[in-house]
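# Structural features, examined
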Amino acid sequence: MRIQTLTIVGVGLIGGSIGLAAKQRGLAERVLGVGRRQASLQQALARGAIDEGFLDCDEAVHRADVAVFCTPVDMIAEQILGAAPGCKAGTLLTDAGSTKAALVRSLANRLPAGVSFVGSHPLAGSEKRGPEHADANLFDGKVTVITPTADTHRPALDRISAFWKALGSDVLIMDPEEHDRALAITSHVPHLVAAALVSLLTPDLLPLTASGFRDTTRVAAGDPALWTGIFLQNRDAVAAGLNRLTNTLNQFRQALTHSDPVALDQLLAEAKRQRDDLEKNSSRRA
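Treat the numbers as computed from the prediction; the structure is a model and nothing was measured.

Turning to the sheet that holds strand β7 (residues 119-122), a few remarks are in order. Spatial strand order, β7-β8-β9: three strands in an open sheet with mixed pairing. Both edges of this open sheet fall to β7 and β9 (170-173), since each of them pairs with a single strand only. Averaged over all pairs of adjacent strands, the angle between strand axes in this sheet comes to 25°, irrespective of strand direction. Here four bridges tie β7 to strand β8 (residues 143-147), and the two strands are oriented antiparallel to one another. By the bridge assignment, S120 is partnered in β8 with I146.

Structure below.
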């Protein structure tokens, strides 16, 4: 795949990494970056993630053959709907957001002829922000979920699959609703739990937090505004995930209340088995 002009809207960790990977792998002849602050665009330019920076989203997207929106999930639909009318025929639009169903519904049948959108979600990144943390190898061996609908044009799906594969990703095709239900369990609920655990700390406990607590709560350092948007966009699936978690916690509570070592051991053993399977799966993919 070869792209003449790639535009990245939101050149932070994910967007900056897309730019670095696209340039390093010869995927794009020119990479344009869109940001809200000139300072962040200068950082992206200095890192070599983009060739030119823009504060005007529409201007940069109108010049694109492929545009990737890496902004908070509650902003993406409005940005795409604002920019799409000025795009040339054949322009392919995608995103990197952690929720999909609401976005797909917002864009359904609202794009001009010749302009295609296919939702994407690279399962990569961290709690860190900004182009200074961008990494050209961020997507190597990582899964990127692509969420077409019944109305998605096959050539657009093939192009966006080729795009993420060219960046190093393994591509997985999922229904948008299925994606959101799955990510509620694997990403969104864990973030809520990490935030809740951190809220239990009092100043006198800080010296007693070792690597276990810090590892468990690392993601709570993520951008609050970004995660508020994710939770609200996927609120039904997150709420359902919290109900499942509550049921499991109640099983632990009952085992403790009744001083039941057998039940407690079984719960912990099952958790260890699943965690070991997760580690084995990660090792095979690596």
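Attention now goes to the pairing of β9. Looking at chain direction, β8 and β9 are connected through four bridges and run parallel. Its bridge partner being in β9, I146 is matched across the sheet by I173. Regarding topology, helix α6 (residues 154-166) serves as the crossover connection from β8 to the parallel β9, and that connection is right-handed.

Inspection of every chain in the model, using the stated rule, returns three aromatic pairs. Plain terms: the ring middles of F139 and W164 are 5.7 Å apart, the flat faces sit at 70° to each other, and that makes the pair edge-to-face. With F139 in the loop between β7 and β8 and W164 in helix α6, this residue pair connects regions lying 25 residues apart in the sequence. W164 gets classed as buried once you look at its relative accessible area, which sits at 0%. Consider the rings of F163 and W164, whose centres lie 5.2 Å apart with planes at 80°: the pair is edge-to-face. These aromatic residues form a ring-pair network of at least three members: F139, F163 and W164.

Another point: helix α2 (residues 38-47). Taken together, the buried positions of α2 are S40, L41 and A44. Here the buried residues of α2 occupy an arc of 100° about the axis, which is enough to place them on one side. Each element contacted by the buried residues of α2 is listed here: β2 (28-34) and β3 (52-54). Just beyond α2, the residue with positive phi is G48, at close to 85°.

Parameters at a glance
- Residues numbered from 1 in each chain as written.
- Predicted model: local features only at pLDDT ≥ 70, side-chain atom pairs only at ≥ 80, totals over all residues.
- Heavy atoms only, no water.
- Pairing = 2+ DSSP bridges.
- Helix = DSSP H or I, 4+ residues; strand = E, 2+ residues; numbered from the N terminus.
- Axes fitted to C-alpha atoms, helices over the stretch in contact; angles between N-to-C directions.
- Right-handed = clockwise from strand over helix to strand, strands pointing away.
- Phe/Tyr/Trp six-rings, centres within 6.5 Å; stacked < 30°, edge-to-face > 60°.
- Buried < 20%, exposed > 50% of the residue type's maximum accessible area, 1.4 Å probe, protein only.
- Arc of directions from axis to C-beta.
- Contact = heavy atoms within 4.5 Å.

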